[in-house]
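# Analysis of the macromolecular model
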Amino acid sequence: MYNVLTPGPTKVRANVRGARALEATNADLDPAFFDFYRAVCQRYSKFLNTANPSYILSGEGILGLEAACASLTEPGDRVLVLDNGEYGKGFADFVRLYGGEPVLYTVDGLRPIAPEPLRAFLKKDSAFKYATLVHCDTPSGVLNDIHALCPLLKEQGILTVVDSVSGMFGNPVDVRRARVDVLLGGSQKALSCPPGLTMVSVSHDAMRAMEQRRTPIASYYCNLMAFRDYYKDKWFPYTMPASDIAGFAQALDNVLEDKEIFARHARVAKAVRAALMAGGLSLYLKDGFSNTVTAFKVPQGLDDTAIIEALMREHNILIAGSFGALAHKVLRIGHMGEGCNDEDMLDLLKALSQVLEGLGFPLKGDMVKAYRYNA
Ligand SMILES: *Cc1c(COP(=O)(O)O)cnc(C)c1O
């Protein structure tokens, strides 16, 4: 088993694996399951500081993204797609699939989306049904300030859909303060659950927009309205994965017990960046670093795959390359959830130092020492 230090899927703690192995009930028929499911969803909503209902859907993160777009988009709807990364622009495809008209607001991918230019843009054009925004755009690790950006959209009457799949649990999310209408999460990133679940929190305004559609939602599996009355009706649109949700509940409890979770993610992320720079590597971003993932440039003359494979072969550690426009250009270290700790980062930096030197890259300084100094 590799020590998995990728930006998701992440390592899963033994008590989460254990919870998934317990005997499970019939999730369609046992009333106790509906109570359990609702209690877990409420605990999750409370963690995000919202009274909005949350639903845990069976399917990994992409299901949540598509479900939000499927449920909100009607043919001809204009949707503002905020884009400073791969997942950011990816929302345009979901909007188009359901007949909407995506309008891309594309800015520099090396830094977060700035509020003031967006405000100026919205002064000229704000006729959008909803806007999509990615909290942490994982291929680069850029973190957008949802607490500043979403209220600007909301003030213009634009619903907000936020993908925080790789942002939440490592970077604070306050749904009430950010006024997010649909918040999307995933189980396999900083929550440190196995892949397979997506969490969708839906505001009253977003639910009303779905209820007031002129046309039916063009999907069964992606229809968020199907979850609205599950508790009252004691009915789910499909059988809930009871064991996955038992694991989720334990992972959420692990998070709730961890009073230093955000401080640790911030501290570890900062120390990783300092260490990489001390070694003479270049960070990909100029600004807006997520606490969950760090992307650094593949040194000139070296091959990303060679570095990844040497780490696996010689040190039993798994890190990630990237994809889309960043494929082969950057390497990514995931320091989220169970992988966010000094021991794992020190092991990784020691191994990375040996691998880079073995491939002929002259390190400028001691990355392990720099990490310790900054952590
Ligand atoms: C991981 C991730 C998702 C989930 O999708 P994958 O199938 O794992 O790619 C969605 N959005 C973001 C920002 C993610 O990091």
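Residues numbered from 1 in each chain as written. Predicted model: local features only at pLDDT ≥ 70, side-chain atom pairs only at ≥ 80, totals over all residues. Heavy atoms only, no water.

## Some thoughts on the domain arrangement of the protein
Its domain assignment divides the protein into domain 1 (14–257) and domain 2 (261–374). The C-alpha-based centres of domain 1 and domain 2 are spaced at 29 Å. Residue-level contacts link 24 residues of domain 1 with 24 residues of domain 2. The interface formed by domain 1 and domain 2 holds zero salt bridges in total. Summed over the shared surface of domain 1 and domain 2, the result is 11 residue pairs in polar contact (both at pLDDT 80 or more). Elements that contribute at least two residues to the side of domain 1 that touches domain 2 include exactly helix 4 (86–97) and strand 7 (142–143). (Domains from an automatic or database assignment. Contact = heavy atoms within 4.5 Å. Salt bridge = Lys/Arg side-chain N within 4 Å of Asp/Glu carboxyl O. Polar contact = N/O pair within 3.5 Å; in protein donor to acceptor, adjacent residues only side chain to side chain. Helix = DSSP H or I, 4+ residues; strand = E, 2+ residues; numbered from the N terminus.)

## Here we look at unusual backbone geometry
Backbone torsion omega between glycine 8 and proline 9 reads -15°, so that peptide bond is classified as cis. In this model, asparagine 49 sits at a positive phi of 55°, which is unusual for a non-glycine residue. Positionally, asparagine 49 belongs in the loop between helix 2 (31–47) and strand 2 (54–58). With a phi close to 50°, lysine 234 is a non-glycine residue in the positive phi region. You can see lysine 234 is positioned in the loop between helix 9 (230–233) and helix 10 (242–257).

## Points about the nonpolar core
Taken as a class, soluble globular proteins show a tendency for nonpolar side chains to be buried jointly. Judged by nonpolar contacts, the single largest core of 85 residues is most densely connected at Tyr37, Leu80 and Phe248. Dropping the residues within four chain positions of it, leucine 80 is found in contact with Val103, Tyr105, Leu118, Phe121, Leu122, Phe128, Tyr130, Ala131, Thr132 and Leu153. Ala310, Leu311, Val368 and Tyr371 belong to the second-largest nonpolar core, a separate cluster that totals 33 residues. (Core = buried A, V, L, I, M, F, W, Y, C linked by side-chain atoms within 4.5 Å. Buried < 20%, exposed > 50% of the residue type's maximum accessible area, 1.4 Å probe, protein only.)

## Some thoughts on helix 8 (residues 204–211)
Think of an α-helix as turning once every 3.6 residues; residues three or four places apart then point the same way. Taken together, the buried positions of helix 8 are Ala206, Met207, Ala209 and Met210. Along the long axis of helix 8, the arc covered by the buried residues comes to 155°, so they all point the same way. Residues of helix 8 that are buried in the fold lie against strand 2, helix 3 (61–72), strand 8 (159–163), strand 9 (182–186) and strand 10 (197–202). At the N-terminal end of helix 8, a side-chain oxygen is found 3.4 Å from the backbone nitrogen of aspartate 205, two or three residues along, and the residue is serine 203. (Arc of directions from axis to C-beta.)

## Focus: the environment of leucine 110
Within the secondary structure, leucine 110 sits in the loop between strand 4 (101–106) and helix 5 (115–124). Remark: the alpha-carbon pair of leucine 110 and glycine 141, spanning 31 residues in sequence, is separated by 9.5 Å. What leucine 110 contacts, discounting residues up to four positions off in sequence, is Tyr284, Leu285, Lys286 and Asp287.

## Here we look at the site of the ligand
For the ligand, the full set of nearby residues is Glu60, Gly61, Ile62, Tyr87, Cys136, Thr138, Asp163, Val165, Ser166, Gln188 and Lys189. Taking aspartate 163, its side chain carries an N or O atom lying 2.6 Å from a nitrogen atom of the ligand. Glutamine 188 is positioned such that a nitrogen or oxygen atom in its side chain is 3.4 Å from an oxygen atom of the ligand. Of the residues assigned to the shell around the ligand, the class counts are four nonpolar, four polar and three charged. (Near = heavy atom within 4 Å. Nonpolar A, V, L, I, M, F, W, Y, C, P; charged D, E, K, R; others polar.)

## Quick word on the packing of aromatic side chains
All told, the structure shown has 20 aromatic pairs when counted by the stated rule. Between tyrosine 55 and tyrosine 230 the ring centres are 6.3 Å apart and the planes differ by 85°, which places this aromatic pair in the edge-to-face class. Of this pair, tyrosine 55 sits in strand 2 while tyrosine 230 sits in helix 9, and the two are 175 residues apart along the sequence. Across this residue pair, the class does not change: tyrosine 55 and tyrosine 230 are buried. Consider the rings of phenylalanine 121 and phenylalanine 128, whose centres lie 6.4 Å apart with planes at 15°: the pair is stacked. On the basis of relative accessibility, which here comes to 21%, the residue phenylalanine 121 falls in the partly exposed class. The buried category is assigned to phenylalanine 128, whose relative accessible area is 6%. Taken together, Phe33, Phe34, Phe36, Tyr37, Tyr55, Tyr221, Phe227, Tyr230, Tyr231, Phe236 and Tyr238 form an aromatic cluster joined through their ring pairs. Over the ring of tyrosine 231 we find arginine 38, and its NZ or CZ is 3.7 Å from the ring centre. Seen from the ring of tyrosine 231, lysine 234 lies directly overhead, with NZ or CZ sitting 3.6 Å from the centre. (Phe/Tyr/Trp six-rings, centres within 6.5 Å; stacked < 30°, edge-to-face > 60°. Lys NZ or Arg CZ within 6 Å of the ring centre and 35° of its normal.)

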